[in-house]
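Remarks on the overall topology
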Amino acid sequence: MAPPPVSVFGLRKTWHDPVPGIAMVQAHYAWSPAGTPPDWSGAEQVVLAPAEGRTRTAVLEVPRTVDGSTDFSLHHFFFVVGEHDRTTSPVFTEDIVAREVVYDDAAGAYTSVGFVWSAVDAAVPNYTSGAMDGLPFASPGTAPAEGDVYEFVRAQPLPHVFRGMVWGVRGSTIRYGYHLLRQGLPDPADDGESWDDNGGHGWTVAL
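All figures in this text were calculated on a predicted structure; none of them were measured in a lab. (Residues numbered from 1 in each chain as written. Predicted model: local features only at pLDDT ≥ 70, side-chain atom pairs only at ≥ 80, totals over all residues. Heavy atoms only, no water.)

1. So, the environment of Ala-106
Relative to the helices and strands, Ala-106 resides in the loop between β8 (92-105) and β9 (112-119). The class of Ala-106 is exposed, set by a relative accessible area of 55%. Residues Ala-106 and His-160, 54 residues apart in the sequence, show an inter-C-alpha distance of 6.1 Å. (Helix = DSSP H or I, 4+ residues; strand = E, 2+ residues; numbered from the N terminus. Buried < 20%, exposed > 50% of the residue type's maximum accessible area, 1.4 Å probe, protein only.)

2. Re the side chain of Asp-105
Note that Asp-105 resides in strand β8. Buried charge without a salt bridge: Asp-105, with Arg-182 as the nearest opposite-charge side chain at an N-O distance of 7.1 Å. Polar side-chain contacts of Asp-105 include one of 3.2 Å to the backbone nitrogen of Gly-108. (Lys, Arg positive; Asp, Glu negative; His and termini not counted. Salt bridge = Lys/Arg side-chain N within 4 Å of Asp/Glu carboxyl O. Polar contact = N/O pair within 3.5 Å; in protein donor to acceptor, adjacent residues only side chain to side chain.)

3. Points about the pairing of strand β13 (residues 173-182)
Here β13 lies mainly inside the structure; 7 of its 10 residues are buried. Across 8 bridges, the pairing between β9 and β13 is antiparallel. By the bridge assignment for β13, Phe-115 is matched with Tyr-178. Pairing of β13 with strand β14 (residues 192-196) involves 5 bridges; the strand directions are antiparallel. Residue pairing in the sheet places Leu-181 in a bridge with Glu-193 of β14. (Pairing = 2+ DSSP bridges.)

Remember, this is a structural readout, not a statement about activity or role.
The following block contains the structure:
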């Protein structure tokens, strides 16, 4: 599964059929500034796919900011189509929060760093491009051409510190790893990329 666009992140939701014969389960979800009620007129919808046993699952595409804030409220409920009836679950409201994660490049080996992350208990691949302390641009959309990146990065004093954000439900744990890139070096043969996931264990941060 490809990661969602960088303006959103993927958040997995799970439903367990309470009885046999459920034909379809659909999640309806909306978001709002923290502590405010949702506007259901613009709600998103997604059908949950059958998984193991009576379990169904779907990935919600949740924005990374609401009204400019990385912390906000997510609301969702399930619409359930049974053999003979249709029902809805209660509305569930969760706090979405963000935390900063950091990569310290003490040797100045990399020109950019990405953070690959997901919730530990319900994995969905997400990606955040890191911003390096001291550079005059904060995102790939405002960065110089690839051939100039190396010179900008090399001009900064060591260590080079890259920062990114991860998102999820308050109280959950996020596991992350690093996407390490070398681009725009004088000899193109020295360009490259690698992944560091701490030997398959990753690193974790509590939200």
